[in-house]
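These are the residues of each chain, in order.
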Amino acid sequence: MPALTELEDAWIAASADPEYHRRLDLLLNDYVGRPSPLYLAERISEVAGHPVYLKREDLNHTGAHKINNALGQALLAQRMGKRRIIAETGAGQHGVATATACALLDLECIVYMGTVDMQRQRPNVLRMELLGASVVGVEAGAATLKEACSAAIRDWVTNVETTHYIIGSCVGPAPYPALVRDLQRVIGDEARAQILEKTGRLPQRAIACVGGGSNAIGLFAGFIDDAEVELIGVEAAGEGIDTPRHGAPLTVARSAGVLHGSYSAIMQDEDGQILEAHSISAGLDYPGAGPEHAWLRDSGRARYVAVTDDDALAAFTQVTRLEGIIPALESSHALAWVIEHGGPSELDVICLSGRGDKDLAEVLERLG
Amino acid sequence: MSNGSERIAEAFAAARADGRSAALMPYMMAGYPDLASSRAIARAYVEGGADLIELGIPFSDPLADGPVIHSAAVAALRTGVRVDDALAIAREIAADVPVVAMCYANPIYARGLERFVDALASLGVCGLIVPDLPMEEAPAVLEICDAHGIALVPLVAPTTPAERLAAIGQRARGFMYTVGVTGTTGERASLDELLPDVLARARASTSVPVAVGFGISTATHAAEAAAAGADGVIVGTRLVRAASEGADAVKSLVQEFAGALRDGALG
């Protein structure tokens, strides 16, 4: 707890410090390549029957939205005088983003990753190692994101004096969910200005995939005060939400619980044991979701739906052929919902949270 | 029936009156390696000389625990052990020694705080440790535990700042669980050299006994912890590791730890 208080104080101070923002903005612009484009995907629009704009987070340096948060937190760690950085990763995107930020800022980097995820995201493991990070395999449980997150928390409580934990999503104990939202809201703020500039209006719907929910909370943050914009989070239905093999706690589980230090929607049995999530995409393979998403759901401000492995896979190949963009399997869930299930809309903005190169092996295997 | 705090206090006092340097509180993972074996292990703890027993309720995601106890929890759950099965072990030993249940927050909230604590009381459990319950969330739990005669035992770490320690010490019931290392449960080669300071700070913050756990791996460690000022010594991972070797092996290991606390006092 004292570590969380220290982090919260440091974040409040950094947020109010123009020099911190100057450094972060400079890196976001010149290093990450922001602002990311808002692209009118004409051929997807044709299929969907209405205009669909993609917020191109896949074009960021390292290929996903994760770098926005990793750089912001790495700069924060530097301010706090912590030179050892730890992170958890599922798909490997957050691990790569953190390893990249640490290389740039000359910080030690240790990334915890489930051994199952290490197998299905081999290229990202190699990238992290090339960047100078140590990737530590986690064998416990289902050997995926949940266990990687637990391993990182255990490391943090052991080495808290020297170490900052760069959590990859808007989960975990306060202040993390708010901190990660603040660092990802650049997605929504940019998208709002861009859609107004391009179309002169706000979208009817803003749509993003939700694992922990960081790209979604970042997109939603830009539109949350615009009551007319519908906010839609797309979770992983895995093999179906009527089976136990999914990753859709916001859509399916009406019960709340405590996981990794936050009280939110989680997948649990009646004894309160946390269940294993399942998704074709490693980044959505998490049995919880950020507490702000649970609040947005319960307050009625946002709506949560789920898309199966099969539908996400179909959208992955379809969007690749239609647009010449290979989307991450995570983002493919949001695309699939708009193309297949979302029905009519006047104007949609989808967060294309990452590129799909990392998923090629997984997809090729599935497609046989 | 006397309330949990009183029974725990009596157990610490009795160990002291018996001439031992500290009370011995072995930890067990309820339901590991399976339910029947863990019942036998609970009995072996009593016969081996436990003054109190810490009964771990298996949880899928035990963040404060190292790999040995984590694996034991997962293994117990895989055999189908439910929270009620785990708690029921308390009833069998509660008449012999005070039982302190160790349970993570989520299974407690899943059942409902009041119902969970009520169940503990009806099984004769004396105390409750919730390793992932921060001080800020504790008052509601404390109120219900107090109403049911269950001692809510707080954990403090070497990194706990002075002000926070004072606040935790004031509302400690039963005993104060001092974490002997910075980090998770698990065996260590030696005790932290700062342990006497940590124990002294804990003692100054509270009127209840101060016990130490996390990292006590050998009988020598137990004697050293007592010499460093602990009123109680909690041994977890070393005994959980022995659980698969059967109740007799566990019993002689508990005897070894108990012996060290007896000899330590004489020496």
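Throughout what follows, the structure given in this document is the object of discussion.

## Let's talk about the overall build of chain B
Then, number 1: The helix and strand tally for chain B stands at 12 helices and nine strands.
Then, number 2: Taken along the three principal axes of its C-alpha coordinates, chain B extends 45 × 40 × 35 Å.
Then, number 3: Counting the 267 residues in chain B, one finds 57% classified as buried.
Then, number 4: Put simply, of all contacts in chain B between residues at least 6 apart along the chain, 76% involve residues at least 24 apart.

## Thoughts on helix H10 (residues 219-227) of chain B
Then, number 1: Listed in full, the buried residues belonging to H10(B) are B:Ala219, B:His221, B:Ala222, B:Ala223, B:Ala225 and B:Ala226.
Then, number 2: Phi for B:Gly229, located one or two positions after H10(B), is positive at around 120°.

## Digging into the interface of chain A and chain B
Then, number 1: Contact with chain A, which involves 19 residues of that partner, is made by 23 residues of chain B.
Then, number 2: Where the side of chain A that touches chain B is concerned, the elements lending two or more residues are helix H8 (145-158) and strand E9 (256-259) of chain A.
Then, number 3: At five residues, H8(A) tops the list of elements feeding residues into the side of chain A that touches chain B.
Then, number 4: In terms of residue class, the side of chain A that touches chain B is made up of nine nonpolar, seven polar and three charged.

## Some details on the packing of helix H6 (residues 113-122) of chain B against helix H7 (residues 138-147) of chain B
Residues and elements named next belong to chain B.
Then, number 1: One way to put it is that H6 packs onto H7 with a least axis distance of 10 Å and a crossing angle of 40°. In terms of orientation, H6 lies oblique with respect to H7. In this structure, the crossing between H6 and H7 has a hand that is right-handed. Across the interface between the two elements, Leu113, Glu114 and Val117 of H6 pack against Ala140, Val141, Ile144 and Cys145 of H7.
Then, number 2: A per-class count over the contact of H6 with H7 returns six nonpolar, no polar and one charged.

## A look at the sheet that holds strand E7 (residues 176-179) of chain B
Residue and element names in this part refer to chain B.
Then, number 1: In spatial order, the strands read E5-E4-E3-E2-E1-E9-E8-E7-E6; together these nine strands make up an open sheet with parallel pairing. The open sheet is flanked by strand E5 (151-153) and strand E6 (155-156), the only strands paired with a single partner.
Then, number 2: Relative to strand E8 (residues 210-213), helix H9 (residues 195-204) is tilted by about 145°, and along the sheet it contacts E6, E7 and E8.

Parameters at a glance
- Residues numbered from 1 in each chain as written.
- Chains lettered and ligands numbered in written order.
- Predicted model: local features only at pLDDT ≥ 70, side-chain atom pairs only at ≥ 80, totals over all residues.
- Helix = DSSP H or I, 4+ residues; strand = E, 2+ residues; numbered from the N terminus.
- Buried ≥ 20, exposed ≤ 12 C-beta atoms within 10 Å, placed from the backbone.
- Contact = placed C-beta atoms within 7 Å.
- Nonpolar A, V, L, I, M, F, W, Y, C, P; charged D, E, K, R; others polar.
- Axes fitted to C-alpha atoms, helices over the stretch in contact; angles between N-to-C directions.
- Parallel < 35°, antiparallel > 145°, perpendicular 65-115°, else oblique.
- Left-handed = near helix turned anticlockwise from the far one by under 90°.
- Pairing = 2+ DSSP bridges.

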